[in-house]
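# Overview (structure and organization)
These are the residues of each chain, in order.
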Amino acid sequence: MVKKIISGLIFLVFTLGCLVILIAAVIFCICLWIPPSPKRIFNDSVKSIVELKASSEGLGSSYGTAEFIDNKGTLVTNAHIVTYTRSGEVNTFKNYSIRFAAEEEYRRAELLKYDTEKDIAVLRLSDDTARFRAIKIGNSDKLSFGDKVYAIGNGSNYGLSLTQGSVSIPKINVEYENRTREVIQCDLTISAGNSGGALLDERGRMIGITTFRTKDNAGNIIYGLAYCVPVNIVMDFVNSKE
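Residues numbered from 1 in each chain as written. Predicted model: local features only at pLDDT ≥ 70, side-chain atom pairs only at ≥ 80, totals over all residues. Heavy atoms only, no water.

Every buried residue of helix α4 (residues 231-239) is listed here: Val-231, Val-234, Met-235, Phe-237 and Val-238. End-on view of α4: buried residues confined to an arc of 160°, all on one side of the axis. The outward face of α4, more than 90 degrees from its buried face, is lined by the exposed residues Asp-236 and Asn-239. As for α4, its buried residues are in contact with β3 (74-77), β7 (107-115), β8 (120-125), β13 (206-212) and β14 (225-230). (Buried < 20%, exposed > 50% of the residue type's maximum accessible area, 1.4 Å probe, protein only. Helix = DSSP H or I, 4+ residues; strand = E, 2+ residues; numbered from the N terminus. Arc of directions from axis to C-beta. Contact = heavy atoms within 4.5 Å.)

This part is about the nonpolar core. General note: in soluble globular proteins, nonpolar side chains tend to be found buried as a group. Counting 20 residues, the largest nonpolar core has Ile-69, Ile-135, Leu-200, Met-206 and Val-234 as its most contacted members. Mapped by element, the contributors of at least two residues to this core are β8, β9 (148-153), β12 (197-201), β13 and α4. Ranked by the residues each element gives to this core, the list is headed by α4, at 5 residues. Among all residues touching Met-206, those that are not within four sequence positions of it are Glu-67, Ile-69, Val-76, Ile-135, Lys-136, Ile-137, Gly-138, Ala-198, Leu-199, Leu-200 and Val-231. (Core = buried A, V, L, I, M, F, W, Y, C linked by side-chain atoms within 4.5 Å.)

Turning next to the sheet that holds strand β11 (residues 179-187). Through backbone hydrogen bonds, the strands of a sheet pair up, either in parallel or in antiparallel fashion. Pairing is antiparallel in the closed barrel, where 6 strands are placed in the order β9-β10-β11-β14-β13-β12. Neighbour-to-neighbour, the strand axes of the sheet open up by a mean angle of 50°, direction not taken into account. Sheet strands touched by helix α2 (residues 38-45): β9, β10 (161-176) and β12. Its angle to β9, the strand with the most contacts, is close to 40°. Sheet strands in contact with α4 are β11, β13 and β14, and its direction is about 40° off that of β14. (Pairing = 2+ DSSP bridges. Axes fitted to C-alpha atoms, helices over the stretch in contact; angles between N-to-C directions.)

This model, assessed by the stated rule, comprises 5 aromatic pairs. The rings of Phe-68, Phe-100 and Phe-132 are connected pair by pair, giving a single aromatic cluster. The aromatic ring of Phe-100 is capped on one face by Lys-47, whose charged end is 5.5 Å from the ring centroid. (Phe/Tyr/Trp six-rings, centres within 6.5 Å; stacked < 30°, edge-to-face > 60°. Lys NZ or Arg CZ within 6 Å of the ring centre and 35° of its normal.)

Our next topic: the pairing of strand β6 (residues 95-99). As judged from the 5 bridges shared by strand β1 (residues 49-56) and β6, these two strands associate in the antiparallel manner. For Ala-54, the partnering residue across the bridge sits in β6 and is Tyr-96. For β6 and β7, the ladder comprises 3 bridges, and the chain directions are antiparallel. Bridging from a neighbouring strand, Ser-97 pairs with Arg-108 of β7.

Now the structure itself:
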């Protein structure tokens, strides 16, 4: 009789243990399936996305955004932030610096390479005391119509901010400033300082960098549509020997 009771208790404990493990596994899977909130995506990104300033004496400053893509301090942004055109020639600024959202002072960076045709530039942080986190990289080839997206950038040079929207065309060739570029078209609000900023998917992975807005026939900016360089093109340039 005692043996039967003990056996029954052991079976009950085993069954309850399996049930607890099953419930925990289901909860874990649900947590993985549910996308993070916009607040969490922003908070998880503030160590990966920074304000960018390019300047030269007598020329003023150019402001935008950049992202850390590895643990070596490599950053990506738009080429039009780190260069300027004078007398038909493209020139680079003399000084580059980045600033984290929680800091007041800028930290120096150096320009490694750029391509004005692709509108991509690569920099590296010169300050080895900074604490940063490489942004998660997604796959822009897997985007679909209607996918939810977020843009984080230094909007109007007011500091990092977040806007959200959707992919309206995953891949399109758009003529902009006499160049045809393959970009992602998004139903999304961005402003001047968002250039070079991160376009993120609903999981917080970078799928592009916000680059430009177009204008109508009267020369007025078309608000609500943002064009972004796909992250696969960005990373191909980063890893190339150009």
